[in-house]
Amino acid sequence: MQATIADLEFMRVALTEAQHAAQRGEVPVGAVVVADGRVVARASNRTIADCDPTAHAEILVIRDAAKICGNHRVLGATLYVTIEPCAMCAGATVQARIGRLVYGADDPKGGAVKSCFSIFEHPQINHRLEIISGVLAEESVALLRDFFAARR
């Protein structure tokens, strides 16, 4: 599947969230949940601020979207995230029944979509979703590269 114009627009919103994380000293990852063509929730990493190793952008945005939708399932929604989700976040995506996942850069050190693991392809997973990768990947990589270069 190819990314749409709307996918590019919503990924730019996720990139803005990632920039906010970087400004706060957090690893620059941003996420957005979209349903029916509108942003339902947006978040960025808060692991340091919250002293919470589970406060990844994807987890936070899925929690917010579920509360806003009034259902623990965010059926048919699209999750946009600037980097390939880790195993925890991929699992949350399944549990929330997200319909589509659109992400930017692959994560060769911890990605659970295709880089390190292929969680969504496991035959025992009871939910399938559409996955589009590489959307504005260069911008996502640049944010991460610049963030870590500034810390060295």
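Look above for the structure.
All figures in this text were calculated on a predicted structure; none of them were measured in a lab. (Residues numbered from 1 in each chain as written. Predicted model: local features only at pLDDT ≥ 70, side-chain atom pairs only at ≥ 80, totals over all residues. Heavy atoms only, no water.)

1. What to know about the overall build of the protein chain
Then, in step 1: When its secondary structure is counted, the protein chain shows five helices and five strands.
Then, in step 2: Listing each helix as α and each strand as β along the protein chain from the N terminus yields α-β-β-α-α-β-α-β-β-α.
Then, in step 3: Taken over C-alpha atoms, the radius of gyration comes to 14 Å for the protein chain, in line with the 15 Å a tight globule of 152 residues would show.
Then, in step 4: Restricting the contact set of the protein chain to residue pairs at least 6 apart, pairs at least 24 apart contribute 55%. (Helix = DSSP H or I, 4+ residues; strand = E, 2+ residues; numbered from the N terminus. Rg over C-alpha atoms; globule rule 2.2 N^0.38 Å. Contact = heavy atoms within 4.5 Å.)

2. Description of the pattern of salt bridges
Then, in step 1: For the structure on display, the rule yields six salt bridges.
Then, in step 2: Among the salt bridges present, the one from Arg-42 reaches Glu-17, with a minimum N-O distance of 3.8 Å. You can see Arg-42 sitting in strand E2 (residues 38–44) and its partner Glu-17 sitting in helix H1 (residues 5–23), a full 25 residues away along the chain.
Then, in step 3: Owing to a relative accessible area of 42%, Arg-42 belongs among the partly exposed residues under this scheme.
Then, in step 4: Overall, the relative accessible area of 9% leaves Glu-17 in the buried class.
Then, in step 5: Counted as one network, the salt bridges with shared partners bring together Asp-7, Arg-100 and Glu-130. (Salt bridge = Lys/Arg side-chain N within 4 Å of Asp/Glu carboxyl O. Buried < 20%, exposed > 50% of the residue type's maximum accessible area, 1.4 Å probe, protein only.)

3. Thoughts on unusual backbone geometry
Then, in step 1: At Asp-36, a residue that is not glycine, the phi angle is positive and equals roughly 50°.
Then, in step 2: By the secondary structure assignment, Asp-36 is in the loop between strand E1 (30–35) and E2.
Then, in step 3: The class for Asp-36 is exposed, based on a relative accessible area of 83%.
Then, in step 4: One non-glycine residue, Cys-51, lies in positive phi territory at about 50°.
Then, in step 5: Locating Cys-51 in the fold gives a position in the loop between helix H2 (47–50) and helix H3 (57–69).
Then, in step 6: The class of Cys-51 is exposed, set by a relative accessible area of 73%.

4. Focus: the environment of Ala-96
Then, in step 1: As for its position among the elements, Ala-96 is in helix H4 (residues 87–96).
Then, in step 2: Residue Ala-96 is classed as buried on the basis of its relative accessible area, which comes to 2%.
Then, in step 3: Once residues within four sequence positions are removed from consideration, Ala-96 is found in contact with Ile-62, His-72, Arg-73, Val-74 and Leu-75.

5. Focus: the packing of aromatic side chains
Each aromatic ring pair is summarised here by two numbers: the centre-to-centre distance and the angle between the ring planes.
Then, in step 1: Evaluation of the coordinates by the stated rule reveals two aromatic pairs.
Then, in step 2: With 5.5 Å between their ring centres and 45° between their planes, Phe-10 and Tyr-80 make a pair best called tilted. Taken together, the residues Phe-10 in helix H1 and Tyr-80 in strand E3 (residues 78–83) connect sequence positions 70 residues apart. (Phe/Tyr/Trp six-rings, centres within 6.5 Å; stacked < 30°, edge-to-face > 60°.)

6. Thoughts on the side chain of Asp-107
Then, in step 1: In this structure, Asp-107 sits in the loop between strand E4 (100–105) and strand E5 (130–132).
Then, in step 2: Buried Asp-107, no salt bridge; nearest opposite-charge side chain is Lys-109, N-O distance 7.4 Å.
Then, in step 3: Residues contacting Asp-107, with those up to four places away along its chain left out, are Ile-83, Glu-84, Ser-115 and Cys-116. (Lys, Arg positive; Asp, Glu negative; His and termini not counted.)

7. Remarks on the packing of H1 against helix H5 (residues 137–151)
Each pair of packed helices can be summarised by the angle the axes make with each other and by the distance between the axes.
Then, in step 1: The geometry of H1 relative to H5 is characterised by a closest axis approach of 10 Å and an angle of 5° between their N-to-C directions. One way to sum up the angle between H1 and H5 is to call them roughly parallel. Along the contact surface, H1 presents Leu-15, Ala-18, Gln-19 and Ala-22, while H5 presents Glu-139, Ser-140, Leu-143, Phe-147 and Arg-151.
Then, in step 2: Among the residues forming the contact of H1 with H5, the class breakdown is five nonpolar, two polar and two charged. (Axes fitted to C-alpha atoms, helices over the stretch in contact; angles between N-to-C directions. Parallel < 35°, antiparallel > 145°, perpendicular 65-115°, else oblique. Nonpolar A, V, L, I, M, F, W, Y, C, P; charged D, E, K, R; others polar.)

In short, geometric facts, not functional conclusions.
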